[in-house]
Structures are given as structure tokens and as C-alpha cells.
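Close look at the chain arrangement
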Amino acid sequence: MTQDEQKRAVAAAAIQHIPIGSIVGVGTGSTANYFIDELAKIKHKIEGAVASSEASAQRLKSHDIDVYDLNNIDDLPVYVDGADEITENLHMVKGGGGALTREKIVAAVARKFICITDQSKLVNVLGNFPLPIEVIPMARSFVAREIVLLGGQPALRQGFTTDNGNVILDIHALQIMNPVELETTLNQITGVVTNGLFARRCANTLLLGTDDGVREITF
């Protein structure tokens, strides 16, 4: 199977985890886009969706799926999203598309987080993919200096502004041996909105696209 075929396969498999009549949390990125297209096939069976980015909201609306404000939702049974890296412990690096803060908020609300990825995203140790950090613009240089002290090499994502009006620093040269600890440490730096480590609230289930089909990992 090609990478795109694996993405399509896990997107289709995720539909089996969607409760009838529910509002569905929807992530951002290429694999999430495949999921939105699959969700459109059962839109008559769900109430609507909560989107983690403006781009995903627009794609949902293009399929005539109602998009809800998270503040108006009492219960979100499931959130489906991809990852840039994930371990067998279901710790993730996310934010390659720049939507990490809203993704983290929706994931925090959801009772179940289902990660859908192709097999290239499964790693033993996080950190090969640069770790995104969303930063208040006036704190950019300060946060970068603090990250250097932690051993990282920060690079400003040029020409990019998040949906929240902030900037992204992509952190290179990190081997993330303790993702829960590092997630907490980075979030305590003044000026950081949040970082792309999803370890404190990791996925509940991984649907992994492989050459042999979809593999399900629950931790």
C-alpha cells in the first residue's frame, strides 16, 4: 500500500469508532482530511463536528456537516486526528500543520482520542520530526533562548501565523526520552502557549496503516 492508501484505510477504519448521533472532534492535516471525507459518507448518522482548525472547519462545511463551537458542547465522545510522530506508548508529536493548540484543546475535552496515521509515523523515540511550539510573538526570542538552554535548536516557521495569531518555533535536535516531563517543562516557559508533545493526554487508540492493512494499538 502507498502512504496515501494507508491514510485512506485508517480514515475509513476510524468511522467504526464513531457513535451514532454524536458530535465528533476532528483534527487537522492530510490524514484528518481523509477522515473528514469518510465522515461525510455517514453525515446523516451524526449530529455534527468540532474542528481543531479553520481549514478543517471549512472542509467539514463543504460536505454540509454542521460545525459546532466547542464552548457549546457538553460531551465530546471521540476525537480523531493524525500525528507527525507516535510511539507504541501512544505519545505523539503533533503540530506540523500549526494547529497544535486547538488540537490539544479538543483532545483534552474528548473522552476518547483516536490517532490515525500511516506506518512511517511510528517511531521508537520522538524527536526526529521537529517539535512545534506555539509562542506569543513578543516572547519569540526569549523562548528561543530558553529552548537552547534545554539543548534544542529553535527555528522560526517563516511566513506562518497560527489561527490564534501566534508564531511557531520548530525545535530541532531533540531526542525526547521523557515526553511527559518535557511537555510540562516547555509549557512552563513564559510566552509559550503550548507545545506539540501530546504525552500527558496521549491517544487512547492508534489505527496504523501498514502494508498488510490497518493495525490497531490500544495502550
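Remember, predicted model here, so these are calculated numbers, not experimental data. (Residues numbered from 1 in each chain as written. Predicted model: local features only at pLDDT ≥ 70, side-chain atom pairs only at ≥ 80, totals over all residues. Heavy atoms only, no water.)

Turning to helix H6 (residues 179-187), a few remarks are in order. Listed as buried for H6 are Pro 179, Leu 182, Glu 183 and Leu 186. When H6 is viewed along its axis, its buried side chains cluster within an angular range of 105 degrees and face the same direction. (Buried < 20%, exposed > 50% of the residue type's maximum accessible area, 1.4 Å probe, protein only. Helix = DSSP H or I, 4+ residues; strand = E, 2+ residues; numbered from the N terminus. Arc of directions from axis to C-beta.)

Turning next to the nonpolar core. One finds Phe 35 and Leu 39 to be the most contacted residues of the largest nonpolar core, which totals 24 residues. Where this core is concerned, the elements lending two or more residues are helix H1 (3-14), strand S1 (23-26), helix H2 (30-40), strand S2 (48-51), helix H3 (54-62), strand S3 (78-81) and strand S6 (113-118). With 5 residues, H2 is the largest single contributor of residues to this core. Setting aside its immediate chain neighbours within four residues, Leu 39 contacts Ile 15, Val 24, Val 26, Ile 46, Leu 60 and Ile 65. (Core = buried A, V, L, I, M, F, W, Y, C linked by side-chain atoms within 4.5 Å. Contact = heavy atoms within 4.5 Å.)

In the structure shown here, the tally under the stated rule is 10 salt bridges. A salt bridge links Asp 37 to Arg 59, with the nearest nitrogen and oxygen atoms 3.0 Å apart. In this pair, Asp 37 sits in helix H2 while Arg 59 sits in helix H3, placing the two residues 22 residues apart along the sequence. The exposure class of Asp 37 is partly exposed, given its relative accessible area of 25%. Since its relative accessible area comes to 29%, Arg 59 is described here as partly exposed. The partner of Asp 81 in a salt bridge is Lys 94, and the shortest N-O contact between them spans 2.7 Å. In this pair, Asp 81 sits in strand S3 while Lys 94 sits in the loop between strand S5 (92-93) and helix H4 (100-109), placing the two residues 13 residues apart along the sequence. Asp 81 gets classed as buried once you look at its relative accessible area, which sits at 0%. Taken together, the salt bridges that share partners define one network made up of Asp 81, Lys 94 and Glu 103. (Salt bridge = Lys/Arg side-chain N within 4 Å of Asp/Glu carboxyl O.)

Below, the discussion takes up the packing of aromatic side chains. Where two aromatic rings form a pair, the distance of their centres and the angle of their planes describe that pair. Per the stated rule, a full pass over the model turns up 2 aromatic pairs. Taking 5.0 Å as the distance between ring centres and 50 degrees as the angle between the ring planes, the aromatic pair formed by Tyr 79 and Phe 113 counts as tilted. Of the two residues, Tyr 79 is situated in strand S3 and Phe 113 in strand S6; the sequence distance between them amounts to 34 residues. A relative accessible area of 0% means that Tyr 79 is categorised as buried. The interplanar angle of 70 degrees and the centroid separation of 6.5 Å between the aromatic rings of Phe 113 and Phe 198 together place this pair among those described as edge-to-face. (Phe/Tyr/Trp six-rings, centres within 6.5 Å; stacked < 30°, edge-to-face > 60°.)

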